[in-house]
Amino acid sequence: MVEILPSILAANFARLGEEIAAVEQAGASLLHVDIMDGHFVPNLTMGPPVVSSIRKVTKLKLDLHLMITDPDRYAPMFIEAGADQVLVQQEVCPHLDRTLRMIQSEGALAGVVINPATPVAMLDDVLDVVDYVLVMSVNPGFGGQKFIPNSLKKVRELARKRQEWRLNFAIEIDGGISVDNVGDAVRAGCDWIVTGTSIFHTPDSKIAFQEMQRAAREATLVRV
């Protein structure tokens, strides 16, 4: 079943607990949390104390995307703070296999992210290790960007390799996803859809989430 992951980067942080509760009541089971260090991307977001606070107000699984230059140092801290699954960027991990296995040894699911300019082939040697792969469909660092269509080619390539190599990793996409293109992402092979502004920058995030969920599930009937 396709999952919609609300991204709290787009939420109102003055009302973060309420924003999270709204999507939880709407039916979300996963919450996407972007961690930025101001080095790998030109933006700063939050650290382990904020994640720990989020953990206390929701039962949703926390999917953390570490857009940071030293995930080996900080991933265990975020897992201790409450992360259920942790994504690291391929571009900053010289020992990616070891990093992914470390995350798993700490008790979390381990995922890897590729940026728009990174080819899928860079992941071939860890696809049997990862629990999931995130394809960035915008350049990371800021919310509200325009979707990059070429990302769907990467999703299709990952889906093909997953089938041919008989692997079980999930495929996630993040960036510029709306109710208008979520079906394209699902039909290409995505299992998890991250979206922020399309949910939180609306009059009613519950309705927006459910509309996105409905569009995604209808698309599962036809995959290409």
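Attention here is on the structure that accompanies the text.

Rules behind the numbers
- Residues numbered from 1 in each chain as written.
- Predicted model: local features only at pLDDT ≥ 70, side-chain atom pairs only at ≥ 80, totals over all residues.
- Heavy atoms only, no water.
- Helix = DSSP H or I, 4+ residues; strand = E, 2+ residues; numbered from the N terminus.
- Buried < 20%, exposed > 50% of the residue type's maximum accessible area, 1.4 Å probe, protein only.
- Contact = heavy atoms within 4.5 Å.
- Pairing = 2+ DSSP bridges.
- Right-handed = clockwise from strand over helix to strand, strands pointing away.
- Phe/Tyr/Trp six-rings, centres within 6.5 Å; stacked < 30°, edge-to-face > 60°.
- Lys NZ or Arg CZ within 6 Å of the ring centre and 35° of its normal.
- Axes fitted to C-alpha atoms, helices over the stretch in contact; angles between N-to-C directions.
- Parallel < 35°, antiparallel > 145°, perpendicular 65-115°, else oblique.
- Left-handed = near helix turned anticlockwise from the far one by under 90°.
- Nonpolar A, V, L, I, M, F, W, Y, C, P; charged D, E, K, R; others polar.
- Salt bridge = Lys/Arg side-chain N within 4 Å of Asp/Glu carboxyl O.

1. A few points about the side chain of Q85
For step 1, the next point in the chain: If you trace the backbone, Q85 turns up in strand β4 (residues 85-89).
For step 2, the next point in the chain: Residue Q85 is classed as buried on the basis of its relative accessible area, which comes to 2%.
For step 3, the next point in the chain: Excluding its chain neighbours within four sequence positions, the residues that come into contact with Q85 are L30, L62, D63, L64, A108, L109, Y132 and W192.

2. Description of the pairing of strand β2 (residues 30-36)
For step 1, the next point in the chain: For β2, the tally of buried residues reaches seven of seven residues, placing the bulk of the element in the interior.
For step 2, the next point in the chain: Side-chain alternation along β2 places L30, H32, D34 and M36 on one buried face and L31, V33 and I35 on a second face that is also buried.
For step 3, the next point in the chain: Relative to strand β3 (residues 61-67), β2 is paired through seven bridges, and the arrangement is parallel. From the neighbouring strand, I35 faces β3, where its bridge partner is L66.
For step 4, the next point in the chain: In the classification by handedness, the crossover that spans β2, the intervening helix α2 (residues 48-57) and the parallel β3 is right-handed.

3. A few points about the packing of aromatic side chains
For step 1, the next point in the chain: This model, assessed by the stated rule, comprises one aromatic pair.
For step 2, the next point in the chain: A cation sits over an aromatic face here: R162 above F169, 5.8 Å from the ring centre.

4. Let's talk about the packing of α2 against helix α3 (residues 71-81)
For step 1, the next point in the chain: One way to put it is that α2 packs onto α3 with a least axis distance of 8 Å and a crossing angle of 25°. With respect to α3, the element α2 is oriented roughly parallel. The two elements α2 and α3 meet at a crossing, and its hand is right-handed. Residue-level inspection shows P48, V51, S52 and R55 of α2 in contact with α3, the latter providing M77, F78 and A81.
For step 2, the next point in the chain: Classifying every residue of the contact of α2 with α3 by side-chain character gives five nonpolar, one polar and one charged.

5. Thoughts on the pattern of salt bridges
For step 1, the next point in the chain: Tallied over the full model, the rule gives nine salt bridges.
For step 2, the next point in the chain: One salt bridge in this structure joins K161 and E157, with 3.4 Å as the shortest N-O distance. Linking K161 with E157, this pair stays in helix α5 (residues 151-164), spanning four residues, or about one helical turn.
For step 3, the next point in the chain: Given a relative accessible area of 26%, E157 falls into the partly exposed group.
For step 4, the next point in the chain: Residue D191 is joined to R162 by a salt bridge in which the shortest nitrogen-to-oxygen separation is 2.8 Å.

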